[in-house]
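Reading the structure
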Amino acid sequence: CTQLLEDAGALPHVHVAPYRLDAIALDADVLSLGLDACLLDVKVHGDPAPLECAAQFLARLEQLYGTPREVWTFGDAARGVVERLAHADVRAERARRRAHGTGAGAADIPR
């Protein structure tokens, strides 16, 4: 990356630093979290940690760039990611309402 900037004469005019996004761009519209052992961890060992990683990544992506137009997933584990995102959204909304003093009743936020 820095070599391309240097070749273009732009390197002296920019600050290059690492930025952790937790994903690898495989194409213009395809991201990979690089969780090679995800299937083994979730299905064989019953470890939901990879699902939590995926949910956290999607939440962070949304914070940085807005709501994605589409998210394509496959397999039963995708349902776990969606459930974790929904619960995180509910918790965030409740915290926001408490911070603003508007409360958060059971009727206000779907469970």
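What counts, and at which threshold
Residues numbered from 1 in each chain as written. Predicted model: local features only at pLDDT ≥ 70, side-chain atom pairs only at ≥ 80, totals over all residues. Heavy atoms only, no water. Helix = DSSP H or I, 4+ residues; strand = E, 2+ residues; numbered from the N terminus. Buried < 20%, exposed > 50% of the residue type's maximum accessible area, 1.4 Å probe, protein only. Contact = heavy atoms within 4.5 Å. Areas by Shrake-Rupley, 256 points an atom, 1.4 Å probe, with all protein chains shown as cover. Expected span 1.5 Å × (residues − 1). pLDDT = per-residue confidence, 0-100. Patch = residues over 30% accessible without salt bridge, like charges linked within 9 Å, V, L, I, M, F, W, Y side chains within 5 Å. Salt bridge = Lys/Arg side-chain N within 4 Å of Asp/Glu carboxyl O. Core = buried A, V, L, I, M, F, W, Y, C linked by side-chain atoms within 4.5 Å. Pairing = 2+ DSSP bridges.

The helix and strand tally for the chain stands at 4 helices and 2 strands. In the chain, which comprises 111 residues, the proportion classed as buried is 14%. The long-range fraction of contacts in the chain, counting pairs at least 24 apart against all pairs at least 6 apart in sequence, stands at 41%. Roughly 8,900 Å² of accessible area belongs to the chain as shown, and the carbon and sulfur atoms make up 57% of that amount.

So, on to helix α4 (residues 77-99). With 23 residues, α4 should cover 33 Å at 1.5 Å per step; its first-to-last C-alpha distance of 33 Å lies within 8% of that length. Listed as buried for α4 are Ala78, Gly80, Val81, Leu85, Val90, Arg94 and Arg97. Count one or two residues on from α4 and you reach glycine 101, which has phi positive near 70 degrees.

Averaged over all residues, the pLDDT of the chain equals 77, while 87% of them reach at least 70. When mean pLDDT is taken per element in the chain, helix α1 (residues 2-7) scores highest with 87 and α4 scores lowest with 77. Every residue in residues 104-111 is under pLDDT 50, and counting partners more than four places away or in other chains gives 12 contacts.

The grouping of Ile24, Leu26 and Val30 at the surface amounts to a nonpolar patch, some 280 Å² of accessible area in total. Within the fold, leucine 26 resides in strand β1 (residues 24-27). Leucine 26 gets classed as exposed once you look at its relative accessible area, which sits at 58%.

Grouped together as the largest cluster of nonpolar side chains are 9 residues: Val42, Leu51, Ala54, Ala55, Phe57, Leu58, Leu61, Val81 and Leu85. Those elements that place two or more of their residues in this core are α3 (49-65) and α4. Not counting residues up to four positions away in its chain, the partners in contact with leucine 58 are Val71, Val81 and Leu85.

Side-chain direction in a regular strand flips from residue to residue, so the side chains alternate between the two faces of the sheet. In this structure, β1 lies alongside strand β2 (residues 30-32), joined through 3 bridges in antiparallel fashion. Along β2, the bridge assignment pairs alanine 25 with leucine 31. Connecting β1 to the next strand, β2, in antiparallel fashion are 2 residues.

Here alanine 77 shows up in helix α4. Separated by 38 residues in the primary sequence, alanine 77 and leucine 39 place their C-alpha atoms 8.5 Å from one another. Contacts of alanine 77, omitting those with residues within four sequence positions, involve Val42 and Leu51.

For α3, spanning 17 residues, the distance from its first C-alpha to its last is 24 Å, which sits close to the expected 24 Å at 1.5 Å a residue. In this structure, the buried side of α3 is in contact with β2, α2 (38-44) and α4. Looking one or two places after α3, you find glycine 66, whose phi comes out positive at around 90 degrees.

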